[in-house]
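Chains, contacts and geometry: an overview
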Amino acid sequence: MDVVQMLGVMLGGFFAHPLLYIGVVAIFVMSLHRVSKERASFHTRVLAKRADMIIPFLPSLVMGVLISLVTVSLGVVLPFSALLLLLFGYVLMVATAQVHVMSPVYALGSTLVAIVVLDGASVPGWLEVSTEVVPGLFLLLALLLVAESLLILKNGPAFTSPQLERGKRGKWIGVHLAKRLWILPVVLFIPEGLIPAAGYWPVFSLGETSFQPLLVPFLIGFQMKKRSAPPQEAIRTYGHRSLGFALLALALACTYVAWPVPWLLVVMVLVLLGVRVTMTLLPMLTERTKTAFFTESREGCTIVGVIPGSPAAKMNLKPGEQIVKVNGLRVSSEENFYAALQQNAVYCKLDVRDLEGEIRFEQGALYAGQHHQVGVLLVRTETKLSNSVV
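Residues numbered from 1 in each chain as written. Predicted model: local features only at pLDDT ≥ 70, side-chain atom pairs only at ≥ 80, totals over all residues. Heavy atoms only, no water.

1. Re helix H7 (residues 231–258)
- The end-to-end C-alpha distance of H7 is 41 Å, a good match for the 40 Å that 28 residues give at a rise of 1.5 Å each.
- What H7 keeps buried is the set Pro 231, Ala 234, Ile 235, Tyr 238, Gly 239, Ser 242, Phe 245, Ala 246, Ala 249, Leu 252, Ala 253 and Tyr 256. (Helix = DSSP H or I, 4+ residues; strand = E, 2+ residues; numbered from the N terminus. Expected span 1.5 Å × (residues − 1). Buried < 20%, exposed > 50% of the residue type's maximum accessible area, 1.4 Å probe, protein only.)

2. Quick notes on the packing of helix H2 (residues 18–42) against helix H4 (residues 80–95)
- At a minimum axis separation of 11 Å, H2 and H4 run at an interaxial angle of 10°. When the axis of H2 is compared with that of H4, the two are roughly parallel. Here Pro 18, Leu 19 and Ile 22 of H2 lie close against H4, whose contacting residues are Leu 87, Tyr 90, Val 91 and Val 94.
- Partitioned by chemical class, the residues of the contact of H2 with H4 number 7 nonpolar, no polar and no charged. (Axes fitted to C-alpha atoms, helices over the stretch in contact; angles between N-to-C directions. Parallel < 35°, antiparallel > 145°, perpendicular 65-115°, else oblique. Contact = heavy atoms within 4.5 Å. Nonpolar A, V, L, I, M, F, W, Y, C, P; charged D, E, K, R; others polar.)

3. A word on the environment of Trp 182
- You can see Trp 182 is positioned in strand S2 (residues 172–191).
- Separated by 38 residues in sequence, Trp 182 and Ile 220 place their C-alpha atoms 5.1 Å apart.
- Excluding its chain neighbours within four sequence positions, the residues that come into contact with Trp 182 are Pro 56, Ser 60, Leu 151, Ile 152, Asn 155, Gly 156, Phe 218, Leu 219, Ile 220 and Phe 222.
- In terms of polar contacts, Trp 182 uses its side chain to reach the side chain of Asn 155, at 2.9 Å. (Polar contact = N/O pair within 3.5 Å; in protein donor to acceptor, adjacent residues only side chain to side chain.)

4. Examining the packing of aromatic side chains
- Per the counting criterion, the structure on display carries 5 aromatic pairs.
- An angle of 50° between the planes, with centres 6.4 Å apart, marks the rings of Phe 138 and Tyr 256 as tilted. Taken as a pair, Phe 138 in helix H6 (residues 134–155) and Tyr 256 in helix H7 lie far apart in primary sequence, 118 residues in all.
- Plain terms: the ring middles of Phe 222 and Tyr 238 are 5.7 Å apart, the flat faces sit at 35° to each other, and that makes the pair tilted. Residue Phe 222 is located in strand S4 (residues 209–226), and its partner Tyr 238 is located in helix H7; the two are separated by 16 residues in the primary sequence. Neither Phe 222 nor Tyr 238 differs from the other in exposure class; each is buried. (Phe/Tyr/Trp six-rings, centres within 6.5 Å; stacked < 30°, edge-to-face > 60°.)

5. Quick word on the nonpolar core
- Residues Leu 78, Leu 108, Phe 138, Leu 140, Leu 184, Leu 188 and Phe 218 are the most contacted members of the largest nonpolar core, which totals 78 residues.
- The element best represented in this core is H6, accounting for 13 residues.
- If we skip the residues at most four places from it in the chain, Leu 140 touches Thr 71, Leu 78, Leu 108, Val 186, Leu 188 and Phe 218.
- Grouped together as the second largest cluster of nonpolar side chains are 19 residues, Cys 301, Ile 303, Leu 341 and Cys 348 included. (Core = buried A, V, L, I, M, F, W, Y, C linked by side-chain atoms within 4.5 Å.)

Set out below in structure tokens:
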């Protein structure tokens with residue numbers, strides 16, 4: 001069988017896997033919810049729904065190829081029953097509707113524990129899994145966690161959704177929500193004969209044992225809400241912590257390979273789950289005690305978000321900056337911002353206070369016939385405009 005035919009067969013198996021479509025549906029639901037929240041906040045969406053699929057696509061593909069190079073080199077073999085347990089684990093995680101729970105540490109961690117618990121138990125044949133597969137599955141978990149941390153670091157800050165919500169005192173504050181679901185294609189091996197019509201499926205032999213390659217989708221979810229500061233730095237910080245967490249998982253996996261004791265595996269998985277839950281909950285609890293960053297201010301209009309391709313984007317305006325003057329007039333709300341824009345219908349000059357507190361000057365042309373003039377999303381004041389995008 002030539003390489004092209006082999007890749008075609010593997011791709012066919014990938015597109016037949018139900019987890020791929022579970023992930024696609026989850027991304028679609030995420031995009032609907034994001035656009036709905038953005039429209040409720042600003043009467044417009046920032047990016048189209050397809051952005052939630054497009055932004056993570058290439059990083060997912062690249063990371064899947066890199067992990068596959070390692071899994072092929074290590075010869076990671078999983079029986080069909082282990083793949084079914086993995087699918088069940090992911091279905092349970094997706095059913096929570098929490099994107100951050102759709103992480104390999106939960107799906108693969110629960111699968112590892114299930115394999116140990118079910119070992120020797122009276123279960124249907126299609127659920128029988130030998131603990132011999134645990135070392136390979138544990139290493140796969142560690143590799144996916146490394147991929148997760150790198151994706152958060154490199155692709156996590158690429159786009160965050162600006163939204164408005166009520167603060168503790170009932171006033172509007174801005175928040176940024178980072179939600180990403182990556183679908184990674186990873187090459188694994190299964191024992192020969194587990195795939196029907198194996199005559200056209202590629203087979204590799206090692207001694208007396210033969211294996212078939214399989215392209216399997218894995219989901220990696222990430223979610224963070226930031227209201228106390230611009231989100232990019234917080235996302236990178238979480239990414240670095242995730243990398244440390246992944247290295248811990250890799251060290252534990254190597255320890256288990258050297259010392260394969262079932263009860264030790266359960267302890268290791270519980271440790272990983274405890275660390276991950278702490279990593280997720282602690283920033284959330286800390287965030288609630290901090291002062292909101294995107295708030296109404298008498299010193300200027302706080303930018304919550306910028307519409308891509310708008311004059312504001314071309315002027316390099318950033319979330320968290322404040323517009324203090326428009327066409328020479330001081331502004332502090334949507335109303336006087338809009339009124340100042342009317343001084344010149346085709347051009348605007350802005351005095352902007354950046355994140356370091358320095359004032360800079362920006363200017364640019366305005367476009368007629370658009371639903372916005374500048375393309376900045378501002379913190380809403382109590383007096384609502386018919387359209388809060390200016």
